[in-house]
There are 2 protein chains.
Amino acid sequence: MSLKKVVLTALSCALLAAPLAQADRTEDAIEYRQGIFKAYGWHFGAMGAMVRGKVDYDAEQFAHHAKSFLAVAPLAVEGFVEGSDFGETAAKDELWDNLDDVNQRFVDMTEAAEKLVALTGGELSDAKAAFGAVAKSCKGCHDNYREKR
Amino acid sequence: MSLKKVVLTALSCALLAAPLAQADRTEDAIEYRQGIFKAYGWHFGAMGAMVRGKVDYDAEQFAHHAKSFLAVAPLAVEGFVEGSDFGETAAKDELWDNLDDVNQRFVDMTEAAEKLVALTGGELSDAKAAFGAVAKSCKGCHDNYREKR
């Protein structure tokens, strides 16, 4: 049993179990996680445009994007299934050796997104720090596990 | 004001408001909705494999995929923003003239997914009809608004 397999087996994350049961889903897994990452970008980008003052702040819209971001936040990690480390992926080799850390980072990021949602609906200033915390969480994972493109 | 604009303006769906404020987000909108559609396929496909007997039924996994499908179900429609009717899209011309119907279909599909989630966790036979109702909802939209590929 390879180290990678041991790590994967040790992961308690139920999310990983189903895809592992279907070895032929590796290509779908790449498209799945990349699709979810696109959704991250869409919702996060819309909030970021308001935070940076590129678009007028709209409390309802900001809250909508925060809530939608939270809905997809925990999902992408499910796409990092064994055998999907090929093709059009920006995942660094390091990612596959640190799946427990990757999983934890998604848990932490989702918690940061929950905090952000709780602070939306009012003034932008109320939500800025929480938005920054999510951004920092994203960046942490990118710095460690994503190839620069 | 074009008919399309009137229809868009008439839509009460708050989801459409933010993207419309950012005309340069049309390409992102296509990638966003296609990303969400990939997520539909991932979760729905995993359930479908169990329903069709291709993969052994696992109540926990089935429930997970139903819940995840529900999380993304309402999102894709947000990507059908004005001006995103170009490039790599399978959206038929008819879609752009029937955005209120498209929006309603996503609402109905999300409701069907809610019913499915409520029936998961037990025997597969408990959830089969509700799964079929979601599948029918998907198909209805595809038949009307999606180019065959």
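Residues numbered from 1 in each chain as written. Chains lettered and ligands numbered in written order. Predicted model: local features only at pLDDT ≥ 70, side-chain atom pairs only at ≥ 80, totals over all residues. Heavy atoms only, no water.

**Some thoughts on the pattern of salt bridges**
All names here are of chain B. As enumerated under the stated definition, the model contains 6 salt bridges over all chains in all. For Lys139, the salt bridge goes to Asp143, with nearest N and O atoms at 2.7 Å. With Lys139 and Asp143 both in helix 7 (residues 124–145) and 4 residues apart, the pair spans about one turn of that helix. Given a relative accessible area of 37%, Asp143 falls into the partly exposed group. (Salt bridge = Lys/Arg side-chain N within 4 Å of Asp/Glu carboxyl O. Helix = DSSP H or I, 4+ residues; strand = E, 2+ residues; numbered from the N terminus. Buried < 20%, exposed > 50% of the residue type's maximum accessible area, 1.4 Å probe, protein only.)

**Re the confidence of the model for chain A**
Residues and elements named next belong to chain A. For chain A, per-residue confidence averages 86 on the pLDDT scale, and 84% of positions sit at 70 or higher. Between the elements of chain A, mean pLDDT differs from a low of 34, seen in helix 1 (residues 3–10), to a high of 98, seen in helix 4 (residues 59–72). In the predicted assembly, ipTM is 0.81 and pTM is 0.83. (pLDDT = per-residue confidence, 0-100.)

**Things to note about the environment of Val134 of chain A**
All names here are of chain A. Residue placement: Val134 occurs in helix 7 (residues 124–145). Its relative accessible area of 0% is what places Val134 among the buried residues. Setting aside chain neighbours within four positions, we find Val134 in contact with Phe44, Phe69, Ala112, Ala113 and Leu116. (Contact = heavy atoms within 4.5 Å.)

**With respect to the relation of the copies chain B and chain A**
Least-squares fitting of chain B to chain A yields an RMSD of 0.0 Å, with the superposition described by an axial translation of 0.0 Å and a rotation of 180°. Put plainly, the chains are arranged around a two-fold axis. Across chain B, the rotation axis passes nearest the C-alpha of Gly35 of chain B, at a separation of 1.7 Å. Taken as a fraction of all interface residues of chain B, those also at the interface in chain A reach 100%, which identifies the copy contact as same-surface. (Least-squares fit on C-alpha atoms with pLDDT ≥ 70 in both.)

**What about helix 6 (residues 99–118) of chain A?**
Since there are 3.6 residues in each turn of an α-helix, residues three or four apart along the chain are aligned in direction. In this model, helix 6 of chain A (20 residues) spans 29 Å end to end at C-alpha, consistent with the 28 Å of a helix rising 1.5 Å per residue. Those residues of helix 6 of chain A that sit buried are Leu99, Val102, Asn103, Phe106, Met109, Thr110, Ala112, Ala113 and Leu116 of chain A. (Expected span 1.5 Å × (residues − 1).)

**Describing the interface of chain B and chain A**
In this assembly, 30 residues from chain B lie in contact with 30 residues from chain A. For the chain B and chain A pair, buried surface summed over both sides reaches about 2,400 Å², with 65% attributable to carbon and sulfur atoms. Our count for the chain B to chain A interface comes out at 2 salt bridges. At the surface where chain B touches chain A, the tally comes to 10 residue pairs in polar contact (both at pLDDT 80 or more). Elements with a contribution of two residues or more to the side of chain B that touches chain A: helix 2 (17–20), helix 3 (26–51) and helix 4 (59–72) of chain B. (Buried area = accessible area lost by both parts, 1.4 Å probe. Polar contact = N/O pair within 3.5 Å; in protein donor to acceptor, adjacent residues only side chain to side chain.)

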